[in-house]
Amino acid sequence: MTLFMMVLGTVVGSGIYMKNSELLQQAKNPIIGIILWLIVGIVCVLSVIVFMEISSSTRHFGNGTMGNWTKLFISRKVASFFSLTYVFMYMPSCYAFFTGSFVTFLLQAIGKEITPSIQLTIYLVAGIVILLGFTTINVLKPIIGEKLQFFGTIFKFIPLIVALIAGFCLIDKNSAMFNGGYAGNDWSTHQWDPSLFLRGFGAILFSFDGYVYICNAQKGVTHKEQVPKALFFGMVFVTAFYLLIAISLFLGSPDGSIVSLFEKMFAGGKSGEEVSLSVRNASRITSNILLMIICLLNVNVFIIIGATSIESDADAKLLFIGKDKTSVSHAKTAFFQVGVSIVVYVVFILIGFLITSHGWNGIHTDLNWVNDNIFKGVPSESQALIYFFNKPSEYIGIIASADTAIAFIMIDVLIFAAVINRKTNKVKVEKYNGVISCGIISGIFMFLFSILGIYAFIDPDPNHKTPWVQTSGIWFTVSMIVSLLIVLIVFLIQEHLFKKYPFKNGFDGELSAEHKKIPSWDQVFFPSKNSGKEKRKHR
């Protein structure tokens, strides 16, 4: 039961909170969105079997990270490149996404028109303060961050369960399944263009990301024979849970998002202009505050994971940490990761606010412009405000989904390496039934999902009504190319430093012969349970 709950606590995160609406905007059909949730869930369930075998390679030593496993199954250089991709792309985009989403929900809770220049100031100041603040707390008082995450693991299920029930109770013509569009976005259950099935994977993959780390939890389990069943059925449950939540949101929410569903629920089942102003304000404030809390909890957990990942990969000799190469402090890794993340956050916030594109007039945009150009003069103050506050942070959401797709490509490479390992026996593992077939099937489909997820952001307008250079696709493409070039340059510099200052015993093993106290993933998500074990151990 503990492992089963760990699956739920690790995998079920903010993706379903934040990304279901993005999926709908890309797939243009809520039914297609539901089908995509099911397909991706099944593939992730199959891949869990493979990662059970992969993670058995570090059961008795090291820590279970993508970099560590890649080093064992493929090579140290590939592992170093993957590790740097996590440090400079994936982790920063996650930090930035949850921080930017917090500010967006804050502005929506305020519910008043704020000029883009003032919005930009709020995004920059509040975002940097949040990232530095949570990092400082986790460095100086890590127990606070651990307790926050333990609370968050439980708390985040409450709104989801409420949403699951509310969505089925609030079905009406204004729901996403029937309204044909909301807040400047269009969709329909009558759109069945085959190309629409190729979109939306980035948003869904973001919701399942993190599941590979639960496989390493078998390290400290007493009855190891129960681990495969617990993890497998845990992922099956998560897939079914996500599917039901998605159906509920499409049936009850005007735009497929939880925040809009809550606004509707608190307003007594009504939405938009048909709700009285006082009720509309109360429902808007309450629902957005809930999402703000969820965002802060996720900022906290990624700060914990980000620092821990760098420590683990540095200990595995995948990252260059200086000439002495003896150890790296938790404070340095935490502040280095947050420093990179702040740069990424600021860059994409500036792109969102300053660059003009279809549907956004840059820093000069105001509510009148949105009403005239997006809503064509049709009175819809609440929808116009949602659009007005969401559009500037759009790029951060896009880059977070795309970087997740890249992370899944790395996961996919490791899956195929595990399948090949069955023939070469390069790495000693505990062999599980079905790994070869599950690995081939999940590997092929996961690669397709990742590539299509990235393509959907490169070409965001499937009907090509807007010139590509006026869409978000141009800036997304440039950003991805620049980001990958930065990772490549850092990788080449690091390789030069490794040659200049070689390890005494080569790249094998870990930096220190002593056991490094790097928290495992179950300690990150269930700190109180593990601290209890430590207390009993010392009695």
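Every chain's residues receive numbers from 1 upward, in the order its sequence appears when written. The model is predicted, so local features are restricted to residues of pLDDT at least 70 and side-chain atom pairs to those at 80 or more, both for listing and for counting; the totals for chains, interfaces and linings are taken over all residues. Hydrogens and water molecules were not included; the side-chain quantities draw on all heavy atoms of the structure.

**Considerations on the overall build of the protein**
The way it works is that DSSP assigns letters per residue, a run of H or I at least four long becomes a helix, a run of E at least two long becomes a strand, and they are numbered from the N terminus. The helix and strand inventory of the protein stands at 21 helices and two strands. Within the span of the protein, comprising 539 residues, buried residues form 58% of the whole. Only heavy atoms enter the contact rule, under which two residues are in contact if any of them lie within 4.5 Å. Contacts spanning at least 24 positions in sequence make up 82% of the contacts within the protein whose residues lie at least 6 apart. Relative accessibility under 20% of the residue-type maximum defines a buried residue, over 50% an exposed one, and the middle range a partly exposed one, all with a 1.4 Å probe and only protein chains included.

**So, the packing of aromatic side chains**
Here a Phe, Tyr or Trp ring, Trp counted by its six-membered ring, pairs with any other such ring whose centre lies within 6.5 Å, and the pair is stacked when the planes are under 30 degrees apart, edge-to-face when over 60, and tilted otherwise. Summed over all chains, the structure comprises 24 aromatic pairs. The interplanar angle of 90° and the centroid separation of 5.1 Å between the aromatic rings of phenylalanine 208 and tyrosine 242 together place this pair among those described as edge-to-face. Here tyrosine 242 lies in helix α11 (residues 227-252) and phenylalanine 208 lies in helix α10 (residues 201-208), a separation of 34 residues in the sequence. Take phenylalanine 208 and tyrosine 242: they sit in the same class, and that class is buried. Their ring planes at 75° and their centres at 5.2 Å tell us that phenylalanine 503 and phenylalanine 507 sit as a pair that is edge-to-face. The partly exposed category is assigned to phenylalanine 507, whose relative accessible area is 26%. Here a set of aromatic residues connected by ring pairs shows up, and it is made of Tyr86, Tyr90, Phe97, Phe98 and Phe302.

**Some thoughts on the environment of valine 162**
Position of valine 162 relative to the elements: it lies in helix α8 (residues 157-169). Assessed through its relative accessible area of 32%, valine 162 is described here as partly exposed. With sequence-adjacent residues up to four places away left out, valine 162 is seen in contact with Phe262 and Met265.

**What to know about a nonpolar patch on the surface**
Here the term patch refers to residues with relative accessible area over 30% and no salt bridge, with like charges joined within 9 Å and nonpolar side chains (Val, Leu, Ile, Met, Phe, Trp, Tyr) within 5 Å. Per-residue and other accessible areas were derived by the Shrake-Rupley procedure at a 1.4 Å probe size, with only the shown protein chains allowed to occlude residues. Throughout this description, the term salt bridge denotes a Lys or Arg side-chain nitrogen within 4 Å of a carboxyl oxygen of Asp or Glu. On the surface, Phe416, Ile436, Ile440, Ile441, Ile444, Phe445, Phe447, Leu448 and Ile451 cluster together into a nonpolar patch covering about 740 Å² of accessible area. Ranked by residue count, the leading element in the nonpolar patch is helix α18 (residues 435-458), at eight residues.

**Some words on the pattern of salt bridges**
Per the counting criterion, the structure on display carries four salt bridges. For aspartate 172, the salt bridge is made with lysine 264, and the minimal N-O distance between the two is 2.8 Å. With aspartate 172 in the loop between α8 and α9 (176-179) and lysine 264 in helix α12 (residues 258-266), the pair connects residues that are 92 residues apart, well separated along the chain. Between lysine 391 and glutamate 394 there is a salt bridge, with the nearest N and O atoms lying 3.3 Å from each other. Classification of glutamate 394 as partly exposed rests on a relative accessible area of 27%.

**What about the environment of tyrosine 501?**
Of note, tyrosine 501 is situated in the loop between α19 (472-500) and α20 (521-525). Counting along the chain gives 178 residues from tyrosine 501 to lysine 323, while the straight-line C-alpha distance between them is 6.3 Å.

**Structural notes on the side chain of arginine 76**
The residue arginine 76 is located in helix α5 (residues 76-110) in this model. Residue arginine 76 is classed as buried on the basis of its relative accessible area of 12%. Excluding residues within four positions of it along the chain, arginine 76 makes contact with Lys71, Lys317, Leu318, Glu495, Phe498 and Phe507.

**Comments concerning the packing of helix α6 (residues 116-140) against helix α14 (residues 330-354)**
Inter-axis angles, ranging from 0 to 180 degrees, are taken between N-to-C directions of lines fitted to C-alpha atoms, where helices are fitted over the stretch in contact. Where α6 contacts α14, the axes come no closer than 10 Å and their chain directions differ by 170°. Between α6 and α14, the angle falls in the class roughly antiparallel. When the residues that make up the contact of α6 with α14 are grouped by side-chain class, the tally is 19 nonpolar, six polar and no charged. Put simply, angles under 35 degrees are roughly parallel, angles over 145 are roughly antiparallel, angles from 65 to 115 are roughly perpendicular, and the rest are oblique. Charged means Asp, Glu, Lys or Arg here, nonpolar means Ala, Val, Leu, Ile, Met, Phe, Trp, Tyr, Cys or Pro, and polar covers whatever is left, Gly included.

**A look at α12**
Counting buried positions along α12 gives seven out of nine residues, so the element sits mostly inside the fold. All of the buried residues along α12 are Ile258, Val259, Ser260, Leu261, Phe262, Glu263 and Lys264. Looking one or two residues beyond α12, the residue adopting positive phi is glycine 268, at roughly 80°.

**Considerations on helix α7 (residues 142-155)**
For α7, which comprises 14 residues, the first-to-last C-alpha distance of 20 Å matches the rise-based estimate of 20 Å (1.5 Å per residue) to within 8%. Residues of α7 that are buried: Gly145, Gln149, Gly152, Thr153 and Phe155. What you see down the axis of α7 is that its buried residues fit within an arc of 165°, all on one side. Residues Lys147 and Ile154 are exposed on α7 and point more than 90 degrees away from its buried face. One less than the residue count of a helix, multiplied by 1.5 Å, gives the span that helix is expected to have. Of all possible arcs, the one meant is that of the directions from the helix axis to the C-beta atoms.

**Remarks on the confidence of the model for the protein**
The predicted coordinates of low-pLDDT regions are not to be read in fine detail. Residues at a pLDDT of 70 or more form 84% of the protein, whose mean pLDDT is 82. Known as pLDDT, the predictor's confidence for each residue is given on a scale from 0 to 100. Considering only residues more than four positions removed or in separate chains, one finds that residues 528-539, a stretch of pLDDT under 50, has six contacts.

**Looking at the nonpolar core**
Counting residues in each nonpolar core, the largest one holds 145 residues, and the members touching the most others are Trp37 and Phe208. Broken down by element, this core gets its largest block of residues, 17 residues, from α5. To form a nonpolar core, buried Ala, Val, Leu, Ile, Met, Phe, Trp, Tyr and Cys residues must be joined to one another through side-chain atoms within 4.5 Å.

**Looking at the environment of tyrosine 86**
With respect to the helices and strands, tyrosine 86 occurs in helix α5. Here tyrosine 86 falls in the buried class, since its relative accessible area comes to 9%. Sequence-wise, tyrosine 86 and serine 309 are 223 residues apart; in three dimensions their C-alpha atoms are separated by 8.8 Å.

**Overview of the side chain of serine 287**
Summarising the element assignment, serine 287 is placed in helix α13 (residues 277-315). Judged by its relative accessible area of 0%, serine 287 is buried. Each polar contact in these results corresponds to two N or O atoms within 3.5 Å; when the atoms are within protein, one needs to be able to donate a hydrogen and the other to accept it, and residues that are neighboring in sequence are counted only if both atoms are side-chain atoms. Polar contacts involving the side chain of serine 287 include one to the main-chain carbonyl oxygen of arginine 284, which spans 3.1 Å. Residues contacting serine 287, with those up to four places away along its chain left out, are Val259, Phe262, Glu263 and Phe266.

**Section: the packing of helix α17 (residues 394-424) against α19**
Packing of α17 against α19 leaves a shortest axis separation of 11 Å and a crossing angle of 50°. Taken as axis vectors, α17 and α19 run oblique relative to one another. For the pair α17 and α19, the sense of crossing is right-handed. Taking contact as the criterion, the partners of Glu394, Tyr395, Ile398, Ile399, Ala402, Asp403 and Ile406 in α17 are, on α19, Ser472, Trp475, Phe476, Ser479 and Met480. In terms of residue class, the contact of α17 with α19 is built from eight nonpolar, two polar and two charged. A clockwise turn of the near helix away from the far one marks a right-handed crossing, whereas an anticlockwise turn of less than a right angle marks a left-handed crossing.

**Quick look at unusual backbone geometry**
The phi dihedral of lysine 28 is positive, around 65°, even though this residue is not glycine. As for its placement among the helices and strands, lysine 28 is situated in the loop between α2 (15-27) and α3 (30-55). Here the phi dihedral of asparagine 425 falls at roughly 55°; this positive angle occurs in a residue that is not glycine. With respect to the helices, strands and loops of the structure, asparagine 425 is situated in the loop between α17 and α18. For asparagine 425, a relative accessible area of 46% puts it in the partly exposed group.

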